[in-house]
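The residues making up each chain are set out below.
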Amino acid sequence: MKLSVIILNYNVRYFLELCLRSVEAAIADIDAEIIVIDNNSPDDSCDMVKELFPSVKLIENKDNSGFSKGNNIGVAQAKGEYLCILNPDTVVAEDTFSKLLNFTELKDNLGIVGCQLIDGKGKFLPESKRNIPTPKVSLRKVLGNTNDYYANHVSIEETAKVDILVGAFMWLKKDVYEAVGGFDEAYFMYGEDIDLSYKVIKAGYDNFYFGETTVVHFKGESTLKDSKYAKRFYGAMQIFYKKHFKQNLLFNAVVWVGIKMAHILRKNPVDVEIKSNQSYLYSVDFDPVLVEQLPKPTQIENTIQDIIKNNSLIVYDFKILIASIVIADMKQKSKQENIGFRFLLKNSKFILGSDSAINRGEVLHF
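Procedures and definitions
Residues numbered from 1 in each chain as written. Predicted model: local features only at pLDDT ≥ 70, side-chain atom pairs only at ≥ 80, totals over all residues. Heavy atoms only, no water. Helix = DSSP H or I, 4+ residues; strand = E, 2+ residues; numbered from the N terminus. Buried < 20%, exposed > 50% of the residue type's maximum accessible area, 1.4 Å probe, protein only. Contact = heavy atoms within 4.5 Å. Areas by Shrake-Rupley, 256 points an atom, 1.4 Å probe, with all protein chains shown as cover. 1 Å grid on protein atoms, 1.4 Å probe; cavity = no way out; pocket = protein on both sides within 12 Å on 5 of 7 lines; lining within 4 Å. Points joined across faces, edges and corners; volume = space filled by probe spheres on them. Arc of directions from axis to C-beta. Pairing = 2+ DSSP bridges. Axes fitted to C-alpha atoms, helices over the stretch in contact; angles between N-to-C directions. Salt bridge = Lys/Arg side-chain N within 4 Å of Asp/Glu carboxyl O. Right-handed = clockwise from strand over helix to strand, strands pointing away. Disulfide = S-S within 2.5 Å. Core = buried A, V, L, I, M, F, W, Y, C linked by side-chain atoms within 4.5 Å.

Caption draft 1: Region of interest: the overall build of the protein. Of the regular secondary structure elements, the protein holds 11 helices and 15 strands. The buried share of the protein, reckoned over its 366 residues, is 54%. Long-range contacts, defined as pairs at least 24 residues apart, comprise 74% of the intrachain contacts of the protein with a sequence gap of at least 6. Put simply, the protein shows about 16,200 Å² of open surface, and 51% of that area lies on carbon and sulfur atoms.

Pasting the structure below:
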């Protein structure tokens, strides 16, 4: 088997459904499998997977064992030569995996490959490509200087070697994953992607940022950015520094001060509201109940329009659109102000999307 797509899920049933629909389309011509590991979600994620995606291999954990352990459990059962570690709050394009296969099959000494990630508003996510977060670099980031933290020397559309990729989307060979011991289970959540990226380059492999395909990562779905998040994130960075950097009193003091400052200066979640004065529904037909809930006036379109006014809510219907077209349109329209995007799945009675990287997205049933 060529590819195993590993998706660790916790309590994001509707975003998982959207993700799985996109992955199914992306593996249509690839010898591949999808493995979903559910970390004891309180919602009906597992029932949904069994009912709508019977070909997906579902692993139902009896507790929430964290990101690292959950993914390691999935990888242990994977049969693919390649792995794609994928968040459930993502949407991949139909050609994402085929493009990565074409790129990576020609590479020797391949480590991890990441791709261009955008959020639910179509904006590029800078964590798609990062440098090694040494204590000095991380302290500068806390103080507002991100030049050394993100790999800004590589342009968004470029493909080049970088050090650190993000756990929302990681592509690598299974034997490389196993050679470095997979995700370190000392990390419950956060930091494990930095750790794995760093272990891979320390082992002599080359990590790459691949800017020729784009994936939507809604963010904020599995875990809100609250006090628990802050505690886990900064605790993870302590684990990383103790593990990979030489210790001394000055070093420990700098790390401690940096983590404390980051905790103090962290931004609290704020509500993000799109002030939509109109809506555009791209659909071959429409449900009057849905239309009634959309901002007025509502315009029904059969094809994607090039010009959309500001203060609009855009609803993409996957009965007539494919993910690659939707993603490209999001990126283009995101240049305008106050634009929101929602997704309408085939044979589903809900739309969903996210206007914030730090809060849960919206699921609207109709």
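Caption draft 2: The arrangement of the layout of surface pockets in detail. In this structure, the second largest pocket spans a volume of roughly 280 Å³. Lining the second largest pocket are 13 residues, with R21, S22, A25, F318 and K346 sitting closest to its centre. The element contributing the most residues to the lining of the second largest pocket is helix 1 (residues 13-26), with five residues.

Caption draft 3: Up close: helix 2 (residues 45-52). Where helix 2 is concerned, the buried positions are S45, C46, M48 and V49. Buried residues of helix 2, seen end-on, are gathered within an arc of 160° and therefore sit on one face of the element. More than 90 degrees from the buried face of helix 2, the exposed residues found are D47 and E51.

Caption draft 4: Structural context of the sheet that holds strand 15 (residues 362-365). The sheet built from six strands is open, its strands ordered 11-10-12-13-14-15 with mixed pairing. Two strands lie at the open edges of the sheet, namely strand 11 (298-301) and strand 15, each paired on one side alone. Strand-to-strand, the axes of this sheet are offset by a mean angle of 20°, without reference to chain direction. Lying on the sheet, helix 1 is in contact with strand 13 (339-344), strand 14 (350-353) and strand 15; it crosses strand 14 at an angle near 90°.

Caption draft 5: Representation of the pattern of salt bridges in the model. Applying the stated rule across the entire model yields 18 salt bridges. Salt-bridge contacts for K199 lead to D195; the nearest nitrogen and oxygen are separated by 3.8 Å. Separated by four residues within a single helix, K199 and D195 lie in helix 7 (residues 192-202), roughly one turn from each other. Each member of the pair, K199 as well as D195, carries the same accessibility label: buried. The closest approach of N and O atoms between K319 and D285, which form a salt bridge, is 3.7 Å.

Caption draft 6: Inspection of the pairing of strand 2 (residues 32-38) at higher detail. Among the seven residues of strand 2, seven are classified as buried, and the element is accordingly described as predominantly covered. Of the two faces of strand 2, the one holding A32, I34, V36 and D38 and the one holding E33, I35 and I37 are both buried throughout. Here strand 1 (residues 3-9) runs beside strand 2; their pairing, made up of seven bridges, is parallel. Paired with S4 across the strands is E33, a residue of strand 2. Examined bridge by bridge, strand 2 and strand 3 (residues 57-60) share four bridges and lie parallel to one another. When the sheet's bridge partners are listed, V36 is paired in strand 3 with L58. Handedness of the β-α-β unit built from strand 2, helix 2 and strand 3 comes out right-handed.

Caption draft 7: Region of interest: the environment of L294. Assignment of secondary structure puts L294 in the loop between helix 10 (288-293) and strand 11. A sequence separation of 18 residues divides L294 from S276, and the C-alpha atoms of the two residues are 9.2 Å apart. For L294, the contacting residues outside a window of four places in its chain are S279, L281, L313, V315 and I351.

Caption draft 8: Region of interest: the environment of V289. Along the chain, V289 falls in helix 10. With a relative accessible area of 45%, V289 lands in the partly exposed category. With 77 residues separating them in the primary sequence, V289 and F366 have C-alpha atoms 5.9 Å apart.

Caption draft 9: Up close: unusual backbone geometry. The residue after K296, namely P297, is reached through a cis peptide bond having omega -5°. By the element assignment, P297 lies in the loop between helix 10 and strand 11. Look at N311: it is not a glycine, yet its phi comes out positive at around 60°. By secondary structure assignment, the location of N311 is in the loop between strand 11 and strand 12 (312-317). Judged by relative accessible area, which is 25%, N311 ranks as partly exposed. Phi at N347 takes a positive value of approximately 55°, unusual for a residue other than glycine. Here N347 is to be found in the loop between strand 13 and strand 14. Since its relative accessible area comes to 80%, N347 is described here as exposed.

Caption draft 10: Representation of the state of the cysteines. Using the criterion set out here, one finds zero disulfides in the structure. Among the cysteines around C19, which has no disulfide bond, C84 carries the closest sulfur, lying 8.9 Å off.

Caption draft 11: Broad picture of the nonpolar core. Among the nonpolar cores identified, the biggest contains 37 residues, and L3, I7, V23, F97, F169 and W171 are the most heavily contacted of them. A per-element tally of this core places helix 1 first, with five residues. Excluding residues within four positions of it along the chain, F97 makes contact with L3, V5, V23, A26, I27, I30, C84, V92, F169 and W171.

Caption draft 12: Up close: helix 4 (residues 96-104). Every buried residue of helix 4 is listed here: T96, F97, L100, L101, F103 and T104. Within helix 4, the buried residues cover an arc of 165° as seen down the axis, which keeps them to one side.

Note that every value here comes from positions in space, so none of it alone points to a role or purpose.
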